[in-house]
Amino acid sequence: MGFADEWAGFGITLHTFFRKVFTQKYPHADTEKVMMPRFHGRHQLNRWPDGLEKCVGCELCAWACPADAIYVEGASNTEEQRFSPGERYGSVYQINYLRCIFCGLCIEACPTRALTMTNEWKLADKTRESLIYEKEDLLAPLLEGMEQPPHPRRLGDDEDAYYGGLPPTGQVDSRVPGKTIEAPKAGDAK
């Protein structure tokens, strides 16, 4: 090994030292990244058409999670305080996105399809506490015709009527006062 061999490595450094710097902004300046429809992003707790929560607090999603990122506490519904149409609801629901590996096993385990994954992928934040999503952060927004729980079931008095959809034709639609349910016309999609 000679004297020049020891300094030969610095030649590469000096060669690249005076090049023009190429920096690309993230995400690419004027384009928004569009995800595929089945992309596994942020979780969402869904609602029934009257606004009641679909989560029944069974904790199967927490058991299925390999990263132990989900914490659920179930509680019983009462007639005065009804959050879901069944006997129970998820009173505490947390997902720790510092642990979540976005595998989708939790949504496969959910028997009521209460938990799904959206296309939202921008989850970075500045504090660890802000990456632990509470139930209020995960609940789907209320759409037109929905009412904020707790309230009684609006789509039928018994479970068969509720889970089957709208009440039979001719009955008063409890979501819209004074309106009756009409039979679907031939050719209408369900």
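Just so we're clear, the structure is a prediction, and the values are computed from it rather than from any experiment. (Residues numbered from 1 in each chain as written. Predicted model: local features only at pLDDT ≥ 70, side-chain atom pairs only at ≥ 80, totals over all residues. Heavy atoms only, no water.)

Some thoughts on the overall build of the protein
Heads up, the rule is: Under the scheme used here, helices are H or I runs from DSSP no shorter than 4 residues and strands are E runs no shorter than 2 residues, and both carry numbers assigned from the N terminus. Throughout, exposure labels follow a simple rule: accessible area from a 1.4 Å probe, protein chains only, divided by the maximum for the residue type, with under 20% read as buried, over 50% as exposed, and the rest as partly exposed. It only takes one pair of heavy atoms within 4.5 Å for two residues to be counted as in contact. We get accessible surface area from the Shrake-Rupley algorithm with a probe of 1.4 Å; when it comes to residues, only the shown protein chains can shield them.
Of the regular secondary structure elements, the protein holds six helices and five strands. The linear arrangement of helices and strands in the protein, starting from the amino end, is α-α-β-α-β-β-α-β-β-α-α. The proportion of buried residues among the 190 residues of the protein is 31%. By sequence separation, contacts in the protein at least 24 residues apart represent 66% of the contacts at least 6 residues apart. Taken as a whole, the protein presents about 13,600 Å² of accessible surface, with 56% of it coming from carbon and sulfur.

Focus on the packing of aromatic side chains
The description of an aromatic ring pair rests on the distance of the ring centres and on the angle between the ring planes. Worth spelling out the cut-off: Each Phe, Tyr or Trp ring, with Trp reduced to its six-membered ring, pairs with another whose centre is within 6.5 Å; inter-plane angles below 30 degrees give stacked pairs, above 60 give edge-to-face pairs, and intermediate values give tilted ones. Should the NZ of a Lys or the CZ of an Arg lie within 6 Å of a ring centre and within 35 degrees of the ring normal, that charge is described as sitting over the ring.
Applying the stated rule across the entire model yields four aromatic pairs. A centroid spacing of 5.0 Å and a plane angle of 85 degrees characterise the contact between Phe17 and Phe18, whose relative ring orientation is edge-to-face. Exposure remark for Phe17: the relative accessible area of 59% places this residue in the exposed category. Measuring from centroid to centroid gives 5.7 Å for Tyr97 and Phe102, while their planes differ by 15 degrees, and the two rings are stacked. You can call Tyr97 buried: its relative accessible area is 8%. For Phe102, a relative accessible area of 27% translates into the label partly exposed. It is Lys54 that lies over the ring of Trp48; its NZ or CZ is 4.8 Å from the centre. If you follow Lys135 out to its NZ or CZ, it ends over the ring of Phe83, 5.7 Å from the centre.

Focus on the nonpolar core
Note the threshold: We define a nonpolar core as any set of buried Ala, Val, Leu, Ile, Met, Phe, Trp, Tyr and Cys residues linked to one another through side-chain atoms lying within 4.5 Å.
Within the largest apolar cluster, 23 residues are counted, with the highest numbers of intra-cluster contacts made by Ile70, Tyr93, Tyr97 and Leu115. Secondary structure elements with two or more residues in this core: helix H3 (60-64), strand E2 (70-76), strand E3 (88-96), helix H4 (105-109) and strand E4 (115-117). Among all residues touching Leu115, those that are not within four sequence positions of it are His43, Gln44, Leu45, Cys61, Ile70, Tyr93, Ile95, Cys106, Ile107 and Cys110.

A few points about unusual backbone geometry
Pro150 follows Pro149 through a cis peptide bond whose omega is 5 degrees. Within the secondary structure layout, Pro150 lies in the loop between helix H5 (135-138) and helix H6 (159-164). Look at Asp68: it is not a glycine, yet its phi comes out positive at around 55 degrees. Note on placement: Asp68 falls in the loop between H3 and E2. The exposure class assigned to Asp68 is partly exposed, which follows from its relative accessible area of 49%. Even without a glycine there, the phi angle at Arg113 is positive, about 55 degrees. When you line up the elements, Arg113 lands in the loop between H4 and E4.

Remarks on a nonpolar patch on the surface
Put simply, the test is: Patch membership requires over 30% relative accessible area and the absence of a salt bridge. Like charges are linked within 9 Å, and nonpolar side chains (Val, Leu, Ile, Met, Phe, Trp, Tyr) within 5 Å. Put simply, a salt bridge is a Lys or Arg side-chain nitrogen that is within 4 Å of an Asp or Glu carboxyl oxygen.
There is a patch of nonpolar side chains on the surface, built from Leu14, Phe17 and Phe18 and spanning about 410 Å² of accessible area. Following the sequence through the fold, Phe18 ends up in the loop between helix H2 (9-17) and strand E1 (43-45). On the basis of relative accessibility, which here comes to 66%, the residue Phe18 falls in the exposed class.

Side note on the pattern of salt bridges
Applying the stated criterion across every chain, the model contains five salt bridges. A salt bridge links Glu120 to Arg42; the shortest N-O distance between them is 2.9 Å. With Glu120 in the loop between E4 and strand E5 (132-133) and Arg42 in the loop between H2 and E1, this pair connects stretches of sequence that are 78 residues apart. What makes Glu120 partly exposed here is its relative accessible area of 36%. Between Lys135 and Glu53 there is a salt bridge; the shortest N-O distance is 2.8 Å. Of this pair, Lys135 sits in helix H5 while Glu53 sits in the loop between E1 and H3, and the two are 82 residues apart along the sequence. Residue Lys135 is classed as buried on the basis of its relative accessible area of 9%. We classify Glu53 as buried; its relative accessible area is 5%.

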